[in-house]
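# Breakdown of the fold
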Amino acid sequence: MRLRTIMAGLAALVVGAVGAVTPTWAASPDDRTVSYHGYRVTVPADWRVVDLSEDPHACVRFDRPTVYLGRPGDEPWCPPGLVGRTAGLVIEPIDAVTAARITTDTTVTERGRASADTAPSRDGSIQVAVRDAGVLVTAEHTPDTESTVRRILASARLGRDATPLSPAAVRVARETSTVTPAALPPQPGTYTGKGFDTCTAPSQSTMDAWRASSPYRAVGIYISGASRSCTQANLTSTWVTNQINRGWHLIPIELDNQAPCGTRTPKMSYDPATARSQGATRATSAVNAARSLGIPAGSVIYNDIEHYPSSESCKAAVLSYLSGWTLRLHELGYLSGMYSSGSSGVRDLCGAYHDSRYTRVDHLFFAWWNGVADTDAGDYCPDGYYAGRQRIHQYTGDTYETWGGVRIYIDRDYLDVSTTVPQPPQDFTVTVDNTTPGRFTASANWGTSSYSSQRTGPDYRFADPVAASDVAWYKANLPATGAYEVSVWYPAAAGYNGSTPYVVATTTGNQTVRVDQRVNGGRWVSLGVFTLAGGDGDKVGVSRWTSGAGYVVADAVRISRV
């Protein structure tokens, strides 16, 4: 259903003669024309041109401007140090292999020109099916190079040697591209053992050779993101189905926005609220990519955030981004993961493991090239964090390996994973500050202060006592109904309230505990143990309704399962 309109359009133009089409822009003396199967485009003279039929081991990479002609080989030799992308084109024949990559985002054009204004771009990729030449054109770009790539596509024209798709080719393309992905189990599933990741999804023959002779049973695949450096010409729903049916576990990876203090692009915002929104947007795109490949709900999608020189502001941006990423993935039925280096993203993530300002990711994929195939993260992350089969360790990187006579440039991984959501530990604790996004609500009658050094977080809230209900509420998501100790934190001062009412929402109704906020400030003060309902909701409040004198203060609460 999803591609019938496109393939019917391809069939409609299996017709007669083709002629030259005049470019819509004037070529520069520094430009040159590249031709393949009669499809001609004008590119900057400094772009490389690689004929893949002459160099079957060529790595189709986009970190330097290149036009690739023909289908990528089964055994690309990709070098180390591939970082991000600039721009590039891949021009290949439409047949049973390439037709599987034609999607609803593909622009179908007759005489070669794609609309430079309307051809959609997904994850920095524009795809054009040229019916009169029988070629599929994939144009990769960044925000900075998109105008150049669109100019190149708009320059396209056909020569007299262009040959339209034959009726047989159209039939094969239609049959291949309309196959509905098979129902598959969540990925990477339950697995303990070795895996690898590599820049481009390997060909089927390579995967079969490695399945028969290598120690690996898991493979990382880059399913989405505008920072991917290599082509994903092999990555289709058919490829995904074949690997899983052959016993491979897949590690779906997104490579897009990077830390704002790092060197890679594109970058997330320094502003935490904006970064959180960007993470949610990328989660939607990643899920769309996963679904199109047949990777089902319940799977983990790992967000690749490369090494960055951490600072407080940069850490806040990254953790906010991952919070938005995680919350949106959960809404869409997927689990969240994060890949990063131990010394930057992983240290920051694990350092905020109990920080209620951020939503914790479900799985950890950490790079620590110590050569040891296990899931110990050393000083980068305590053993008790992500301990429920939630870890992948990239223990060696940038190395060639040959199995079954086929060489690939890989990073080595060791997995101990399960997509079965672990039960919450008995030592569950959540802390909610008045600044925790979406977790604290108060009326306009509550002021904000950062006067006292006994506070937690950047500030706290205060209000005059009043004989009326005006509760400031703390919201928490508890794993199950049970017994929880509730503790509160506040700065103390002689002018604060000596009988501040804390309201605890128990399973049998609200209970009020009064606290003298003139003493015991700057520490956790226990209100007692209560039976609280599982799930998300307002659990603890601070009321203004008191006969005591002085401000009532709301700073932070801690809820611990007992």
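The preceding data block contains the structure.
All values derive from a computational prediction rather than experimental measurement.

### Let's talk about the pattern of salt bridges
The full count for this structure, using the stated rule, is 20 salt bridges. Residue arginine 151 pairs with aspartate 31 through a salt bridge whose shortest N-O separation is 4.0 Å. Of this pair, arginine 151 sits in helix α3 (residues 146–154) while aspartate 31 is found in strand β1 (residues 31–36), placing the two residues 120 residues apart along the sequence. Assessed through its relative accessible area of 33%, arginine 151 is described here as partly exposed. For the salt bridge of arginine 357 with aspartate 355, the shortest nitrogen-to-oxygen distance reads 2.6 Å. When its relative accessible area of 36% is taken as the criterion, arginine 357 is described as partly exposed.

### Topic: the side chain of arginine 85
Looking at where arginine 85 falls in the secondary structure, it is placed in the loop between β4 (66–69) and β5 (88–93). Side-chain polar atoms of arginine 85 contact the backbone oxygen of aspartate 123, separated by 3.4 Å. Within the local environment of arginine 85, its side chain forms a polar contact with the backbone oxygen of arginine 228, the two atoms lying 3.0 Å apart. The residues touching arginine 85, leaving out its near neighbours within four places in the chain, are Phe62, Asp63, Asp123, Gly124, Ser125, Glu140, His141, Thr142, Gly225, Ala226 and Arg228.

### Side note on the sheet that holds strand β11 (residues 218–224)
Strand pairs in the sheet, formed through backbone hydrogen bonds, run parallel or antiparallel to each other. Here we have 8 strands rolled up into a closed barrel, ordered β10-β11-β12-β13-β14-β15-β16-β17, and mixed in their pairing. Put simply, the sheet's adjacent strands are angled 35° from each other on average, direction ignored. Alignment of strand β14 (residues 335–341) against strand β15 (residues 363–367), held across 5 bridges, turns out to be parallel. If you follow serine 340 over to β15, its bridge partner there is phenylalanine 366. Contacts between helix α7 (residues 272–292) and the sheet are confined to β11, β12 (249–254) and β13 (300–304), with β11 contributing the most and set at about 120° to the helix.

### Regarding the nonpolar core
Counting residues in hydrophobic clusters, the biggest one holds 58 residues, and the most contacted among them are Trp210, Val240, Ile301 and Tyr386. Of all the elements in the fold, those that place two or more residues in this core are α5 (204–213), β11, α6 (237–245), α7, α8 (312–331), α9 (342–351), β15 and β17 (406–417). Sort the elements by how many residues they give to this core and α8 lands first, with 9 residues. If sequence neighbours within four positions are ignored, valine 240 has contacts with Leu184, Leu235, Leu250, Leu293 and Ile295. Counting residues in each nonpolar core, the second largest holds 31 residues, with Val430, Tyr474, Tyr490 and Val542 among its members.

### Section: the side chain of threonine 200
Note that threonine 200 resides in the loop between β10 (191–197) and α5. Within the local environment of threonine 200, its side chain forms a polar contact with the backbone oxygen of threonine 231, the two atoms lying 2.5 Å apart. Excluding residues that lie within four positions of it along the chain, threonine 200 makes contacts with Pro76, Cys230, Thr231 and Gln232.

### So, unusual backbone geometry
Residue proline 188 is reached from glutamine 187 by a cis peptide bond, and omega for that bond is 0°. Assignment of secondary structure puts proline 188 in the loop between α4 (167–177) and β10. With an omega of -5°, the peptide bond running from threonine 265 to proline 266 counts as cis. Positionally, proline 266 belongs in the loop between β12 and α7. A positive phi is found at arginine 389, a non-glycine position, where the angle reads about 55°. With respect to the helices and strands, arginine 389 occurs in the loop between β15 and β16 (390–403).

Thresholds applied
- Residues numbered from 1 in each chain as written.
- Predicted model: local features only at pLDDT ≥ 70, side-chain atom pairs only at ≥ 80, totals over all residues.
- Heavy atoms only, no water.
- Salt bridge = Lys/Arg side-chain N within 4 Å of Asp/Glu carboxyl O.
- Helix = DSSP H or I, 4+ residues; strand = E, 2+ residues; numbered from the N terminus.
- Buried < 20%, exposed > 50% of the residue type's maximum accessible area, 1.4 Å probe, protein only.
- Polar contact = N/O pair within 3.5 Å; in protein donor to acceptor, adjacent residues only side chain to side chain.
- Contact = heavy atoms within 4.5 Å.
- Pairing = 2+ DSSP bridges.
- Axes fitted to C-alpha atoms, helices over the stretch in contact; angles between N-to-C directions.
- Core = buried A, V, L, I, M, F, W, Y, C linked by side-chain atoms within 4.5 Å.

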